[in-house]
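# Structural overview for review
Each chain, written out:
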Amino acid sequence: MTGAAETSLGAAVACMGAAAWLLGEWDSAARRARLLLASGTTAGSESRLGPRWTAGALRQVAGRLPAEWWSPVAGLVLAVLGASVLPVVLGAAGVPLLRRARLAGRARRDRDARADAVITLCGALAGEVRAGRQPGEALLRAARDCAGLADAQATVLAAARFGGDVPEALTTAARQPGAEGLRGLAACWRVAVDQGAGLAAGLDRLATALRAERDQRSDLRAQLAGARATAVMLAGLPALGLLIGTTLGADPLHVLLHTPAGLGCLLAGGALEGLGVWWVLRIVRGAEEAV
């Protein structure tokens, strides 16, 4: 048996094992769905809705699978098509990179949610103060409607309820990404309590400034969306080239995975493409952080 045949056999065995694992997961999910819904359906309706349950179970399994784990799945498919284990290795190497990108996107969404919650808190607190409530009671009422600041609510509400240092609690909560506007709220609170200045007027000005900063950041992201789309399109061009070559019968996977020149082109092209995408994203991220 030659080396290429052994490599092909190993890739096929790995793919069969992965397929068996996925089928087992899907089958167990389908059984759980049928057991949960069996009590509320008859035998005839169960037979009619069985395919629908199976499709829902498949969607549930696919939704529970993190996005980065599709990278080794794609590597397995390419390993079968190209009769090489190299795509499996590359797919496994892409898992931490994709996980990092997913976590960065989640952190960005959480930061934006906190920034919106701070603006909402300032507006609600100003309204409660104008209604005649004391600052501590107004803060207790206003903070309940700000779900984006759930991590900071306990400390701030405890300080407001039991007569603690509210500005210090707000300053501590402002250390979270996206909650920097709470420092301005703490400053307004100190000025209002120490010097008797109007808290509602200061909160209105703070909310206006935070809202303008948020709108500016949104406009910048909209302008940078074209650069991000260009980077994604450029990253997908090699895959399109492979598809076109396969359609024309050139067998590019065999050239890339089983010839020295192809392996050299694959490594050099992958390194240059990764460097280019990293550079574009670095420029875009630097522009966003400058605001």
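Because the structure is a prediction, the values reported are computed rather than measured. (Residues numbered from 1 in each chain as written. Predicted model: local features only at pLDDT ≥ 70, side-chain atom pairs only at ≥ 80, totals over all residues. Heavy atoms only, no water.)

With that out of the way, let us pick up the packing of helix H4 (residues 86–130) against helix H9 (residues 199–247). Look at H4 against H9: their axes get within 9 Å of each other, and the N-to-C directions meet at 155°. As far as their axial angle goes, H9 and H4 are roughly antiparallel. Crossing angle aside, the handedness with which H4 passes H9 is left-handed. The residues of H9 that touch H4, namely those facing Arg108, Arg111, Asp112, Ala115, Asp116, Val118, Ile119, Cys122, Leu125, Ala126, Val129 and Arg130, are Leu199, Ala200, Ala201, Leu203, Asp204, Leu206, Ala207, Leu210, Arg211, Arg214, Arg217 and Arg221. Tallied by class, residues from the contact of H4 with H9 come to 14 nonpolar, no polar and ten charged. (Axes fitted to C-alpha atoms, helices over the stretch in contact; angles between N-to-C directions. Helix = DSSP H or I, 4+ residues; strand = E, 2+ residues; numbered from the N terminus. Parallel < 35°, antiparallel > 145°, perpendicular 65-115°, else oblique. Left-handed = near helix turned anticlockwise from the far one by under 90°. Contact = heavy atoms within 4.5 Å. Nonpolar A, V, L, I, M, F, W, Y, C, P; charged D, E, K, R; others polar.)

Moving on to the pattern of salt bridges. Going through the model one piece at a time under the given rule, you end up with ten salt bridges. The residue Arg102 makes a salt bridge to Glu68 at a minimum N-O spacing of 2.7 Å. Separated by 34 residues along the polypeptide, Arg102 in helix H4 and Glu68 in the loop between helix H2 (43–64) and helix H3 (70–82) bring together distant segments of the chain. On the basis of relative accessibility, which here comes to 27%, the residue Arg102 falls in the partly exposed class. (Salt bridge = Lys/Arg side-chain N within 4 Å of Asp/Glu carboxyl O. Buried < 20%, exposed > 50% of the residue type's maximum accessible area, 1.4 Å probe, protein only.)

Attention now goes to a positive patch on the surface. A cluster of like positive charges, contributed by Arg100, Arg106, Arg108, Arg109, Arg111 and Arg285, occupies part of the molecular surface. In terms of residue count, H4 provides more of the positive patch than any other element does, five residues in total. Tracing the backbone through its elements, the reader meets Arg109 in helix H4. Given a relative accessible area of 55%, Arg109 falls into the exposed group. (Patch = residues over 30% accessible without salt bridge, like charges linked within 9 Å, V, L, I, M, F, W, Y side chains within 5 Å. Areas by Shrake-Rupley, 256 points an atom, 1.4 Å probe, with all protein chains shown as cover. Lys, Arg positive; Asp, Glu negative; His and termini not counted. Charge placed at Lys NZ, Arg CZ, Asp CG, Glu CD.)

Here the chain shows a mean pLDDT of 76. Residues at 70 or above account for 73%. Predicted confidence for residues 1–13 stays below pLDDT 50, and this span has eight contacts to residues more than four positions away or in other chains. When the criterion is pLDDT under 50, residues 18–27 qualifies, and its contacts beyond four places in sequence or with other chains add up to four contacts. (pLDDT = per-residue confidence, 0-100.)

Glancing now at H9. Here H9 spans 69 Å end to end across 49 residues, near enough to the 72 Å set by a 1.5 Å rise per residue. By the largest-angle criterion, Leu224 marks the main kink of H9, which is about 35°. Inspection of H9 places Leu199, Ala200, Gly202, Leu203, Leu206, Ala207, Leu210, Arg217, Leu220, Leu224, Ala231 and Gly245 among the buried residues, and these make up the whole buried set. In the stretch just after H9, Gly249 is the one whose phi turns positive, near 85°. (Expected span 1.5 Å × (residues − 1). Bend = angle between axes of the 7 residues up to and from the residue.)

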